[in-house]
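Architecture and fold: a report
Here's the letter readout for the chains.
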Amino acid sequence: VNSLGAGAHTDAQLDGLASLVRMIHTLTGLPTLFLPHLGQLERDEAHIGDLEAAHALRDRLDSGFGDALPLVVAPVLPARQLAWATRGASVIVATRYHAAVFGMSAAVPCLVLYQDHYTAVKLRGALDHAGLSAWSLPFDALRTGLAADAFAELWSRREEISSHIRSVTKSW
């Protein structure tokens, strides 16, 4: 998830993301690994880019999970490590193009959330190579519960979707 800016609209988006992370943890039993693509290398420095969104999201998650907080924030990683970690996911939820590209290359099902027309075109395009552009939603779907419903379906169909991705990527 990229930097979301500031203001009431951003607060609502972060609240929606926090609800989605809680739901993912409850449904899967797994933590969500937040892999920032841009930002400072040290948390003590000024937050910029994805790390700012990650820490704002983490601050919203309640402590009702004890030591098993459902969100793990990774540091900014070199590109090869970032790609490796992304390819090892069970499923991906992303607003970033490269997360979808890395995931698709390893047959990892992706749900992408776009914030504007530009990111919609990029993200849908990444999924459309496998005929999966329907797994894209506007970011505001987080406020309605649609993103949670879509993730639940993606999770339940992940083996089927992975198999489909593997079958179409052979020709890539």
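Reference entry: report on the structure contained in this document. (Residues numbered from 1 in each chain as written. Predicted model: local features only at pLDDT ≥ 70, side-chain atom pairs only at ≥ 80, totals over all residues. Heavy atoms only, no water.)

Below, the discussion takes up the overall build of the protein chain. In terms of regular secondary structure, the protein chain is built from seven helices and five strands. A separation threshold of at least 6 residues defines the contact pool for the protein chain, and within that pool the share at least 24 residues apart is 61%. For the protein chain, the accessible area works out to roughly 8900 Å², and carbon and sulfur atoms hold 53% of it. (Helix = DSSP H or I, 4+ residues; strand = E, 2+ residues; numbered from the N terminus. Contact = heavy atoms within 4.5 Å. Areas by Shrake-Rupley, 256 points an atom, 1.4 Å probe, with all protein chains shown as cover.)

Turning to helix α6 (residues 146-156), a few remarks are in order. Three or more residues of α6 are buried, namely Ala147, Ala150, Phe151, Leu154 and Trp155. The buried residues of α6 occupy an angular sector of 135° when projected down its axis, which confines them to one face. With respect to the buried face of α6, the exposed residues turned more than 90 degrees away are Asp149 and Ser156. Where α6 is buried, its residues meet α1 (8-28), β3 (92-94), β4 (110-114), β5 (136-138) and α7 (158-169). (Buried < 20%, exposed > 50% of the residue type's maximum accessible area, 1.4 Å probe, protein only. Arc of directions from axis to C-beta.)

Time to look at helix α4 (residues 97-105). Listing the buried residues of α4 in full gives Ala99, Ala100, Phe102, Gly103 and Met104. Contacts from the buried residues of α4 go to α3 (79-87), β3, β4, α5 (117-128) and α7.

Two modes of strand pairing occur in sheets, parallel and antiparallel, and in both the strands are linked by backbone hydrogen bonds. One open sheet holds the three strands; their spatial order is β3-β4-β5, and the pairing between them is parallel. Each edge of the open sheet carries a strand with a single partner, namely β3 and β5. The average angle at which neighbouring strand axes cross in this sheet is 20°, direction not considered. Where β4 lies against β5, three bridges are found, and the strand directions are parallel. (Pairing = 2+ DSSP bridges. Axes fitted to C-alpha atoms, helices over the stretch in contact; angles between N-to-C directions.)

Positioned with a positive phi, Ala107 is a non-glycine residue whose angle comes to about 60°. Take Ala107: it is sitting in the loop between α4 and β4. Take Ala107: its relative accessible area is 6%, and that puts it in the buried class.

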